[in-house]
Amino acid sequence: MKILVDADSCPRDARELTLRAVTRRGIQAVFAANRPIPGIAGERITMEVCPLGDNAADNRLVELAVPGDLAVSRDLALAKRLLEKDVTVIDDRGRVFTRDNINELLSLRDFVVGLAENGLGVERTASYGKKDLKKFADSLDRQLTRLASLTAQGTKTGFV
């Protein structure tokens, strides 16, 4: 198991928490972005700087993903691609994406984008705060514990 992080959009506090979690658990982490992000270093931690271009970092994360991995991304299209590879995906606010909810979330996003393109104001996501970080920390710990348990059992069942 490894953690894959869409580092371009991941808040600094969530990245730092993820770094502490992988160090504490001794698992591998890959952060992918189109630019170097300071502070991402350590044993078993890789910062992949991808070429500029559409979805280069996303494509790299999908390429590296294997069943049983955990990914952190708020990008719904990337989340869907990773779910198709039996990867568990959470966003930086702790929401777990599943095969059951991803299409609805994509439809909702497309609807909101359509409203914005037609000049209708849309509510933006609030800034990232302590409550969001706490939800993310709890979700990250829950998913890592669940995946470690499944790995220990030697089974691939139970992936969301």
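Described in the following lines is the structure provided in the data block. None of the values given here were measured: they were computed from a predicted structure.

Looking now at helix H3 (residues 76–83). Among the residues of H3, those classed as buried are Leu76, Leu78, Ala79, Leu82 and Leu83. The buried residues of H3 occupy one face: seen down the axis, they fall within an arc of 155°. Two or three places before Ala77, at the start of H3, stands the capping residue Asp75, its side-chain oxygen 3.0 Å from that residue's backbone nitrogen.

The next thing to look at is helix H1 (residues 12–25). Under the 1.5 Å per step criterion, the end-to-end length of H1 is 20 Å for 14 residues, consistent within 8% with the ideal 20 Å. Listed in full, the buried residues belonging to H1 are Ala14, Arg15, Leu17, Thr18, Leu19, Ala21 and Val22. Within two residues after H1, Gly26 carries a phi angle of roughly 70°, on the positive side.

Attention now goes to the side chain of Lys2. Relative to the helices and strands, Lys2 resides in strand E1 (residues 2–6). A polar side-chain atom of Lys2 sits 2.7 Å from a polar atom in the side chain of Asp69. Excluding residues that lie within four positions of it along the chain, Lys2 makes contacts with Gln28, Val30, Leu64, Val66, Asp69 and Leu70.

What follows is about the side chain of Asp69. Within the secondary structure layout, Asp69 lies in the loop between helix H2 (56–64) and strand E4 (70–72). We classify Asp69 as buried; its relative accessible area is 2%. A polar contact is formed between the side chain of Asp69 and the backbone nitrogen of Val66, at a distance of 3.0 Å. Apart from the residues within four sequence positions on either side, Asp69 is in contact with Met1, Lys2, Leu4, Leu64, Val87, Thr88 and Leu147.

Among the five residues of E1, five are classified as buried, and the element is accordingly described as predominantly covered. Side chains Lys2, Leu4 and Asp6 project from E1 onto one buried face, and the interleaved Ile3 and Val5 project onto a second face that is buried too. Two elements, E1 and strand E2 (residues 28–33), share five bridges in a ladder whose sense is parallel. Each residue of the ladder has a partner; that of Leu4, found in E2, is Val30. Handedness of the crossover joining E1 and E2 through H1: right-handed. Relative to E4, E1 is paired through three bridges, and the arrangement is parallel. Within E4, the residue paired with Val5 across the bridge is Val72.

A word on a nonpolar patch on the surface. Where nonpolar side chains cluster on the molecular surface, the patch consists of Leu108, Phe111 and Val112 and spans about 280 Å² of accessible area. Considering the arrangement of structural elements, one finds Phe111 in helix H4 (residues 102–117). Overall, Phe111 belongs to the exposed group, its relative accessible area being 52%.

Parameters and conventions
Residues numbered from 1 in each chain as written. Predicted model: local features only at pLDDT ≥ 70, side-chain atom pairs only at ≥ 80, totals over all residues. Heavy atoms only, no water. Buried < 20%, exposed > 50% of the residue type's maximum accessible area, 1.4 Å probe, protein only. Helix = DSSP H or I, 4+ residues; strand = E, 2+ residues; numbered from the N terminus. Arc of directions from axis to C-beta. Polar contact = N/O pair within 3.5 Å; in protein donor to acceptor, adjacent residues only side chain to side chain. Expected span 1.5 Å × (residues − 1). Contact = heavy atoms within 4.5 Å. Pairing = 2+ DSSP bridges. Right-handed = clockwise from strand over helix to strand, strands pointing away. Patch = residues over 30% accessible without salt bridge, like charges linked within 9 Å, V, L, I, M, F, W, Y side chains within 5 Å. Areas by Shrake-Rupley, 256 points an atom, 1.4 Å probe, with all protein chains shown as cover. Salt bridge = Lys/Arg side-chain N within 4 Å of Asp/Glu carboxyl O.

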